[in-house]
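Analysis of the macromolecular model
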Amino acid sequence: MKTTNLTARQRKAYLFRLICAAISWMGIGLLAILIFHVTSKGISWLDWQFLTGFPSRFPERAGIKSALVGTIWFISMTACFSIPLGTAAAIYLEEYSRKGPLGYLIEVNIANLAGVPSIVYGLLGLVIFVRGMELGRSLLAGSLTMTLLILPIIIIAAREAIRAVPNSIRLAAFALGATRWQMLRFHVLPQALPGILTGVILALSRAIGETAPLIMIGALTYVAFVPEGPLDAFTVLPIQIFNWASRPQEDFHHIAATGIIVLLAVLFFMNIIAVSIRHHAEKKGKV
Amino acid sequence: MSKQTQSLLTLLEAVGVTIYYSDKPAVQEISISVPEHHITAIIGPSGCGKSTLLRAFNRMNDFIPEARMEGQILYKGNQLYAPGVDPVDVRRRIGMVFQKPNPFPKSVFNNVAWGPSINRYEGNLNERVELSLRKAALWDEVKDRLNDSAMTLSGGQQQRLCIARALAMEPEVILMDEPCSALDPVSTARIEDLMFELKKTYTIVIVTHNMQQAARVSRFTAFMEGGMLVEFGATKQLFTRPVNKRTEDYVSGRFG
């Protein structure tokens, strides 16, 4: 009696592995093509003049300074609002609030909010921040709108990270006469920090590339100055790229590609910082 | 028999304790008293409510939202569930060791030092850590690796580390919830030896479903079944001349 048919099973296992590998490499390949295409198109325009110049009607004089500085302002402010708010909400929902129908309702709603189209957040920001609170087309209004957009992502990731800390750790801390805050501060949060940071990286990476809600609240497309405070008007890299890409002149398409290179570089730099913080937190959490 | 006549001061006492999960009673109308400087064992088949009763002694059931308690727990004559009592303060005095070793994923030193440090311990923390590890019979094995992660210790060492961690708080009572069920026989023997040593200064309540263990280590034993207390008395008597037929069946291994 043949009960094992080992070769057929092994072949299936091998096939599955092959499929997974093919899909992974397809993703990486597409990304490589994109980066190669953008680089070959835009790299020749990348120079100091481009980084320090303001937008111009003439492609050879056009620069990205206002959008680059705007993006740095914008993403820093968004991080300042969204990280504390999102983490605090996640801690409250996981560690303090009672689990019940209301908690379930909140959980489902947060998951839904993460899927709402970004243009809807733009409308919301326009009504509440730009007009209602009379912040105008400012950095503050923009970053508050973006905070609303990425809060659900941060909350969901942070909740998952907090939930992944084993309950035995909480009980061990409580049994030593720790208050809930001491238990969170010394055990749960340090252990959850790498996971929370992963969520923050994903959320801020999304925020840095979002265009639609910012166009909706009226971020400018032509800014010939650098914002100096949270209430100044501003533009960001994706809006500037969109603006250049939609012009008829061929040269501006090349400049758009150069802008994409800068955007990717900023994103890469930001993620390097976050990953190194996460790495540090992982090591520190174990001592 | 001078040992028999030594004072039996009741330190901890359950009076008519009933604990519900949602509306199902897990523990019903239990009254037992735990004498100072002795080991009291709670035995019984799985699901009989013995761990639930144990957790009531240091208010760990507070973390189970659907748990509700009636009756009283008295510690030195004071009600632990009285309105003004801070459960954090209760747990500071009544320590606990859990079924599965659960050291913090930190260094050996920090595992022991954390309890005193969050409670504003003013003395020498190094001395306190060393003393606690010595009391838990772990010092010689870990003195050269205090900065290593506690996760690198063996299971038996981890459990003794958890005991040291509880001792560092200088509690008066240590509650042990099946502390050896995840350990091999050698580690179990070490922990039992340790318990004999500890009862000189501490009062121990141990939950176990290992009857031999209860017979070996404890002076008093409570036998529970289906949430009820079947019999409570001196361990020697309960294992040799049980009053109740069900106790006899259980301790003689006829069921459970």
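As the structure is a prediction and not an experimental result, all values here were calculated from the model.

**Some remarks on the overall build of chain A**
Within chain A one finds 11 helices and zero strands. Counted from the first residue to the last, chain A has its helices and strands arranged as α-α-α-α-α-α-α-α-α-α-α. Structurally, chain A occupies a C-alpha span of about 75 × 60 × 40 Å along its principal axes. The proportion of buried residues among the 287 residues of chain A is 36%. Partitioning the contacts of chain A with sequence separation of at least 6, the portion at a separation of at least 24 is 76%.

**Thoughts on the overall build of chain B**
Within chain B one finds 11 helices and 10 strands. Here chain B has a C-alpha radius of gyration of 18 Å; the compact-globule value for 256 residues is 18 Å, and the two agree. Structurally, chain B occupies a C-alpha span of about 55 × 40 × 40 Å along its principal axes. Relative to its full complement of 256 residues, chain B shows a buried share of 46%. In chain B, the share of contacts with a sequence separation of at least 24, taken over all contacts with a separation of at least 6, comes to 68%.

**Focus: the interface of chain B and chain A**
Each partner contributes to the interface: chain B provides 23 residues, whereas chain A provides 18 residues. At the level of secondary structure, the elements contributing two or more residues to the side of chain B that touches chain A comprise α3 (87-93), β6 (94-97) and α4 (108-118) of chain B. Looking at the side of chain B that touches chain A residue by residue, the classes come out as 11 nonpolar, seven polar and five charged.

**As for the sheet that holds strand β10 (residues 228-234) of chain B**
Residue and element names in this part refer to chain B. Taken together, six strands build an open sheet; the order of strands is β6-β7-β8-β3-β9-β10 and the sheet is mixed. Since the sheet does not close on itself, it has two edges, and those belong to β6 and β10, each with one partner. Across the sheet, the mean angle from the axis of one strand to that of its neighbour is 15°, orientation sign disregarded. Note that β6 and strand β7 (residues 173-177) share four bridges and pair parallel. When the sheet's bridge partners are listed, I94 is paired in β7 with V173. Each of β6 and β7 touches helix α7 (residues 155-167); the most contacted strand, β6, lies at about 170° to it.

**Considering the sheet that holds strand β1 (residues 10-21) of chain B**
All names here are of chain B. In spatial order, the strands read β2-β1-β4-β5; together these four strands make up an open sheet with antiparallel pairing. In the strand order of this sheet, the two ends are held by β2 (24-35) and β5 (78-79), each with one partner. Here strand β4 (residues 67-75) pairs with β5 via two bridges, running antiparallel. Across the sheet, Y75 pairs through a bridge with N78, a residue of β5.

**As for unusual backbone geometry**
At A:E134, a position not held by glycine, the phi torsion is positive, near 55°. Inspection of the secondary structure puts A:E134 in the loop between α5 (118-132) and α6 (139-163). Of note in the backbone geometry, B:R59 takes a positive phi value of approximately 60° without being a glycine. In this fold, B:R59 is placed in the loop between α2 (50-56) and β4.

**A few points about the packing of α4(B) against α7(B)**
Residue and element names in this part refer to chain B. At a minimum axis separation of 7 Å, α4 and α7 run at an interaxial angle of 30°. When the axis of α4 is compared with that of α7, the two are roughly parallel. For the pair α4 and α7, the crossing hand works out as right-handed. Across from V108, N111, V112 and G115 in α4, the residues of α7 making contact are L161, A164 and R165.

**Things to note about the confidence of the model for chain B**
Residue and element names in this part refer to chain B. Summing up the model confidence of chain B, the mean pLDDT is 90 and the portion of residues at 70 or higher is 96%. Note that residues 1-5 has pLDDT below 50 and, in this model, zero contacts with residues that lie over four places away or in other chains. Reported for the predicted complex are a pTM of 0.84 and an ipTM of 0.89.

**Examining the pairing of β4(B)**
Residue and element names in this part refer to chain B. When β1 meets β4, the two strands line up antiparallel, connected through eight bridges. Across the sheet, the residue bridging to V15 is Q72, located in β4. Hairpin remark: β4 followed by β5, antiparallel, with two residues in the connecting loop; positive phi at K76, about 50°.

**Concerning helix α1 (residues 6-42) of chain A**
Because each turn of an α-helix spans 3.6 residues, side chains separated by three or four positions end up pointing in the same direction. With 37 residues, α1(A) should reach 54 Å at 1.5 Å per residue; the first-to-last C-alpha distance of 54 Å fits that figure. Little of α1(A) sits out of view: just one of its 37 residues are buried.

**Remarks on the environment of B:S117**
Residue and element names in this part refer to chain B. Looking at where S117 falls in the secondary structure, it is placed in helix α4. S117 sits in the partly exposed class, given 15 other C-beta atoms within 10 Å. In this structure the C-alpha to C-alpha distance between S117 and M96, which are 21 residues apart in sequence, comes to 18 Å.

Here is what the cut-offs are and how they apply
Residues numbered from 1 in each chain as written. Chains lettered and ligands numbered in written order. Predicted model: local features only at pLDDT ≥ 70, side-chain atom pairs only at ≥ 80, totals over all residues. Helix = DSSP H or I, 4+ residues; strand = E, 2+ residues; numbered from the N terminus. Buried ≥ 20, exposed ≤ 12 C-beta atoms within 10 Å, placed from the backbone. Contact = placed C-beta atoms within 7 Å. Rg over C-alpha atoms; globule rule 2.2 N^0.38 Å. Nonpolar A, V, L, I, M, F, W, Y, C, P; charged D, E, K, R; others polar. Pairing = 2+ DSSP bridges. Axes fitted to C-alpha atoms, helices over the stretch in contact; angles between N-to-C directions. Parallel < 35°, antiparallel > 145°, perpendicular 65-115°, else oblique. Left-handed = near helix turned anticlockwise from the far one by under 90°. pLDDT = per-residue confidence, 0-100. Expected span 1.5 Å × (residues − 1).

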